[in-house]
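Spelled out, the chains give:
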Amino acid sequence: MKQWTLAAGVVLAGGLAWYLLDDALVGDAWEANEMVSPAPGEAELGSWGINLDGINSAIEPGDDFFRYFNGTWLEEAEIPSDRTSTGSFLDLAIRSEERVQAILANLETKENISAVERKVRDLYRSFIDAAHLEEIGLAPATEDLQTIAEIETHEDVTRVMASTSMGTESIFGVRIGIDEKNPNAYAASIRQSGLGLPDRDYYLLEEPNIVATREAYVAYIAQILELGGLKDVGEKAAEIYALETKIAEIHWPRAERRDADRIYNPMTVSALSEYAPGFPWLLYLQEMGISPVNQAGERIVVASENTAFPPLAELFAMTPVATWRDYLTFHYLDSHAPYLSSAFDNANFEFRGRTLGGQAQQLERAKRGVQLLNRTIGEGVGQIYVARHFPPSAKIQAEALVSNLLVVYRDRIRTLDWMGEETRAQALQKAESFTVKIGYPDKWRDYSALAVTEDDLLGNRSRSAAFEWNYDVLRLDEPVDRGEWGMSPQTVNAYYNPSLNEIVFPAAILQAPFFDPYADDAVNYGGIGAVIGHEISHGFDDQGSKYDALGVLENWWTEMDRANFEGRTSRLVDQFNAYSPLEGMFVNGQLTLGENIADTAGITIAHAAYALSLGGEPVPVLDGFDGAQRVFLGYAQVWRYKAQEATMRRRILSDPHSPPEFRVNGAIRNVDSWYEAFGVGPDDALYLPPEERVQLW
Ligand SMILES: [Zn+2]
């Protein structure tokens, strides 16, 4: 599923408590807690929703709004040694993990356990039993490793690359999602793949930290192969690394991969075989269960980074089978290392946790088990979470907020000064066509075909991978399921899906600091209001604006309006290119453009919606802050964040979201109402003359 999210793909998994409740008050089902829902409460943070302790009053809001609001917090906050960052999102993630742990503890003693509860419990048990994993060693991997060891031809290599249950690595990946040109049908899209480091830049840049990271990667490859019982591991590691470097040189950069037009390249399987010879496309797709024909005749697949395919296919053919064998062995062991004995698990953590993320120590096993559950059987956990922690009143309140924001959005489109009437009519139609999903899906995912046993972790993992793939591939020629969710309810995040023109807010983001029914309204507008505005704005960002009201990737702009829009967005690219979160490294303004548009428009709309909600009535000043100021404080509070340097480096190179500091400062300096709220003028460091502010929606 294509989704443009609110925040990075960090693991923000687990069930979160409804903010008013302590677990002691929570029964098995929400319905059982009549005593709770009408109880009056107090704001969770501070007395009206903002924790003012983090403010550094020595910093002028107009000079650095992020450090004005978060300065003292930044000085005092410590990144937990078992995490790579800290801040508002992590606070919720940690609470969430604890809530799921409470759910799991309950399942251990519960009578009359349901089928899905049993799967959740048994999967967790299979992970948590480290002594058993130690005892069995590589035994559960023997069969797969043998299959890889017996590879003799490039066709054998292809079969292993295509195996969804084995979960190794492949130079191409296939994803089944909604067809960009036809939101009523699914399509298989093929993408470049094959790297073990987070981005091609890790292979190509000469920045000293990156160079050191890739040296550590080569050592890690050798270490994993040695643990796997292979010989000549130094030589093999060098070959694998050299192969991946060649792959990286061919890959499209991330910023180009965002371009919805450029990555939509439909072709038949036979045309693809002619276009990119050297890779056995037909075999590969058939092994994955994708037939080259369907009811309509020859199947059309989408070649995403199309110009990379011929050289990748050629590289595939030119690389000796022995090198592929080692490559697949390494990637098999690497991807399964956290689920094997401690020797593998520790080696994996040292490289992927410590070197790549700056994490000082491994997270406790129980928490990692929770994260595994959320990744593997997320809606199974989510069902239990929602029953416990998501009251119907929260959904109703959130729905009201969303429709409020949408009304303001439409009003603004009606009065935008840079857009002609023809485009405006189309934009309005799109703004009137959003589907809104809040809390959790109407229909839960059916896990009955997934077999889980409590003493077979690796087997559970591979059965789950096959289960997920089959779910997608078996419906490839079926109608689109519009009710489906791309995130579990316990995820602290939100997303926009352009093909369905839908905005989706999982239950777990509907709590403080994003949303608190007992907080001041202004704070909620700056928090969840800006999040809602952000997701709506993805429908109108540099890529989302290429999809029409029905979710079809089809231009609805006049040439002049599009040129006008792109002139404005290119200035936003320039602004963000100038920000340097780490010495010598800069934000990639093109890679982050969609998110920066969404942030800038999101907080603009949130403030406007707040102002409208007052209906001209005055509001009291709270602790010296007026209503408009409190909207922006609420916004800065959501993005409170601090990360290890290695994690920041990885974000800069691979994350389409700007670092939170610039999600605040980089966005608000384009927003007139922020200047007014804090009296910001030409002497302030963040000041931009009105003509340089980028205002889109
Ligand atoms: Zn986003």
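Residues numbered from 1 in each chain as written. Predicted model: local features only at pLDDT ≥ 70, side-chain atom pairs only at ≥ 80, totals over all residues. Heavy atoms only, no water.

### Digging into the overall build of the protein chain
- Across its full length, the protein chain carries 27 helices and 12 strands.
- Counting every position in the protein chain, which comprises 697 residues, the buried fraction comes to 59%.
- Sequence separation of at least 24 residues holds for 74% of the intrachain contacts in the protein chain that already meet a minimum separation of 6.
- Here the protein chain has roughly 26,800 Å² of accessible surface; of this, 49% comes from carbon and sulfur atoms.
- Side-chain charges in the protein chain split into 58 positive and 104 negative, and the spacing between the mean points of these groups amounts to 2 Å. (Helix = DSSP H or I, 4+ residues; strand = E, 2+ residues; numbered from the N terminus. Buried < 20%, exposed > 50% of the residue type's maximum accessible area, 1.4 Å probe, protein only. Contact = heavy atoms within 4.5 Å. Areas by Shrake-Rupley, 256 points an atom, 1.4 Å probe, with all protein chains shown as cover. Lys, Arg positive; Asp, Glu negative; His and termini not counted. Charge placed at Lys NZ, Arg CZ, Asp CG, Glu CD.)

### Thoughts on unusual backbone geometry
- Residue proline 513 is reached from alanine 512 by a cis peptide bond, and omega for that bond is 10 degrees.
- With respect to the helices and strands, proline 513 occurs in the loop between strand 11 (502–506) and helix 21 (521–538).
- For aspartate 232, which is not glycine, the phi dihedral falls at a positive 50 degrees.
- Residue position: aspartate 232 is located in the loop between helix 8 (208–227) and helix 9 (233–250).
- The phi dihedral of asparagine 501 is positive, around 45 degrees, even though this residue is not glycine.

### Some thoughts on the sheet that holds strand 1 (residues 4–5)
- Pairing is mixed across the open sheet formed by 4 strands, whose spatial order is 1-10-11-9. A strand with exactly one partner marks an edge of an open sheet, and here the two such strands are strand 1 and strand 9 (435–439).
- Relative to strand 10 (residues 495–497), strand 1 is paired through 2 bridges, and the arrangement is antiparallel. Within the sheet, the bridge partner assigned to threonine 5 lies in strand 10 and is tyrosine 495.
- On top of the sheet, helix 18 (residues 392–415) reaches strand 9 and strand 11; it is set at about 150 degrees to strand 9, its chief contact. (Pairing = 2+ DSSP bridges. Axes fitted to C-alpha atoms, helices over the stretch in contact; angles between N-to-C directions.)

### Concerning the packing of helix 2 (residues 88–109) against helix 17 (residues 378–389)
- Between helix 2 and helix 17, the least distance of the axes is 11 Å, while the angle of their chain directions is 100 degrees. Looking at the two axes, helix 2 sits roughly perpendicular to helix 17. Mapping the contact onto sequence places Arg99, Val100, Ala102, Ile103, Asn106 and Leu107 in helix 2 and Val381, Ile384, Tyr385, Arg388 and His389 in helix 17.
- When its residues are assigned to classes, the contact of helix 2 with helix 17 shows 7 nonpolar, 2 polar and 2 charged. (Parallel < 35°, antiparallel > 145°, perpendicular 65-115°, else oblique. Nonpolar A, V, L, I, M, F, W, Y, C, P; charged D, E, K, R; others polar.)

### Notes on the environment of glutamate 44
- Turning to its location among the elements, glutamate 44 is positioned in the loop between strand 1 and helix 1 (65–76).
- Put simply, glutamate 44 and tyrosine 579 are 535 residues apart on the chain and 34 Å apart in space, counted from C-alpha to C-alpha.
- A distance of 2.3 Å separates the side chain of glutamate 44 from the side chain of arginine 95, its partner in a polar contact. (Polar contact = N/O pair within 3.5 Å; in protein donor to acceptor, adjacent residues only side chain to side chain.)

### What about the coordination of the zinc ion?
- Distances from the zinc ion to its protein donors, Thr5 (O), His534 (NE2), His538 (NE2) and Glu595 (OE), fall at 2.0 to 2.1 Å.
- Bound by 4 donor atoms, the zinc ion shows angles of 91 to 131 degrees at the metal and therefore tetrahedral coordination geometry. (Donors = N, O, S within 2.8 Å, 3.2 Å for Na, K, Ca; no water. Tetrahedral: all angles 85-135°; square planar, octahedral: opposite > 155°, others 65-115°.)

### Describing helix 23 (residues 593–614)
- Taking 1.5 Å per residue, 22 residues should reach 32 Å; helix 23 reaches 32 Å between its end C-alpha atoms and fits that length.
- Buried residues dominate helix 23, accounting for 18 of its 22 residues.
- Looking one or two places after helix 23, you find glycine 615, whose phi comes out positive at around 55 degrees. (Expected span 1.5 Å × (residues − 1).)

### Examining the pattern of salt bridges
- Applying the stated criterion to the full structure yields 39 salt bridges.
- For arginine 67, the salt bridge is made with aspartate 64, and the minimal N-O distance between the two is 2.9 Å.
- Under the relative-accessibility criterion, aspartate 64 is labelled buried at 15%.
- Close ionic contact of aspartate 122 with arginine 125 constitutes a salt bridge, the shortest N to O distance being 4.0 Å. Remark: arginine 125 and aspartate 122 occur in helix 3 (residues 115–128); sequence separation between them is 3 residues, near one turn of the helix.
- Taken together, the shared-partner salt bridges connect Glu108, Arg121, Asp122, Arg125 and Glu454 into one network. (Salt bridge = Lys/Arg side-chain N within 4 Å of Asp/Glu carboxyl O.)

### Here we look at the pairing of strand 11
- The element strand 11 is largely enclosed, with a buried count of 5 among its 5 residues.
- Burial along strand 11 is two-sided: Glu502, Val504 and Pro506 facing one way and Ile503 and Phe505 facing the other are all buried.
- Direction of pairing for strand 9 relative to strand 11: parallel, over a ladder of 5 bridges. From the neighbouring strand, lysine 437 faces strand 11, where its bridge partner is valine 504.

### Remarks on the packing of aromatic side chains
- As enumerated under the stated definition, the model contains 42 aromatic pairs in all.
- With centroids separated by 6.0 Å and ring planes inclined at 70 degrees, the aromatic side chains of tyrosine 217 and phenylalanine 330 adopt a geometry described as edge-to-face. Of this pair, tyrosine 217 sits in helix 8 while phenylalanine 330 sits in helix 14 (residues 321–336), and the two are 113 residues apart along the sequence.
- By relative accessible area, which is 0% here, tyrosine 217 ends up buried.
- Sitting over the ring of phenylalanine 127, arginine 365 keeps its end group 4.1 Å from the ring centre.
- Sitting above the plane of the tyrosine 471 ring, arginine 445 keeps its charged end 3.6 Å from the centroid. (Phe/Tyr/Trp six-rings, centres within 6.5 Å; stacked < 30°, edge-to-face > 60°. Lys NZ or Arg CZ within 6 Å of the ring centre and 35° of its normal.)

### Describing the sheet that holds strand 8 (residues 300–303)
- On the basis of which strands lie adjacent, the open sheet formed by 4 strands has the order 3-4-8-5 and mixed pairing. With one partner strand each, in any of the chains shown, strand 3 (172–179) and strand 5 (266–268) form the two edges of the open sheet. The mean inter-strand angle of the sheet, taken between neighbouring strand axes irrespective of direction, is 40 degrees.
- Summarising the sheet, strand 3 and strand 4 (residues 182–192) pair through 8 bridges and their orientation is antiparallel. Residue pairing for strand 4: glycine 173 is matched across the bridge by arginine 191.
- The sheet contacts of helix 13 (residues 309–318) involve strand 3, strand 4 and strand 8, and relative to strand 4 the element is tilted by about 50 degrees.

### Section: the confidence of the model for the protein chain
- Residue-level pLDDT values for the protein chain average 93, and 95% of them are 70 or greater.
- The low-confidence segment residues 9–39, where pLDDT is below 50, has 82 contacts with residues more than four positions distant or belonging to other chains. (pLDDT = per-residue confidence, 0-100.)

### Describing helix 6 (residues 154–162)
- Turning to helix 6, its buried residues number three or more, namely His154, Val157, Thr158, Val160, Met161 and Ala162.
- Looking at the buried positions of helix 6, the neighbouring elements they touch are helix 5 (142–149), helix 12 (281–287), helix 13 and helix 14.

### Brief notes about the packing of helix 15 (residues 342–357) against helix 25 (residues 645–654)
- As a packed pair, helix 15 and helix 25 sit with axes 6 Å apart at the nearest point and diverge in direction by 85 degrees. Put simply, helix 15 runs roughly perpendicular to helix 25. Listed contacts from helix 25 to Arg352, Thr355, Leu356 and Gly357 of helix 15 are Ala646, Thr647 and Arg650.
- Of the residues contributing to the contact of helix 15 with helix 25, the split by class is 2 nonpolar, 3 polar and 2 charged.

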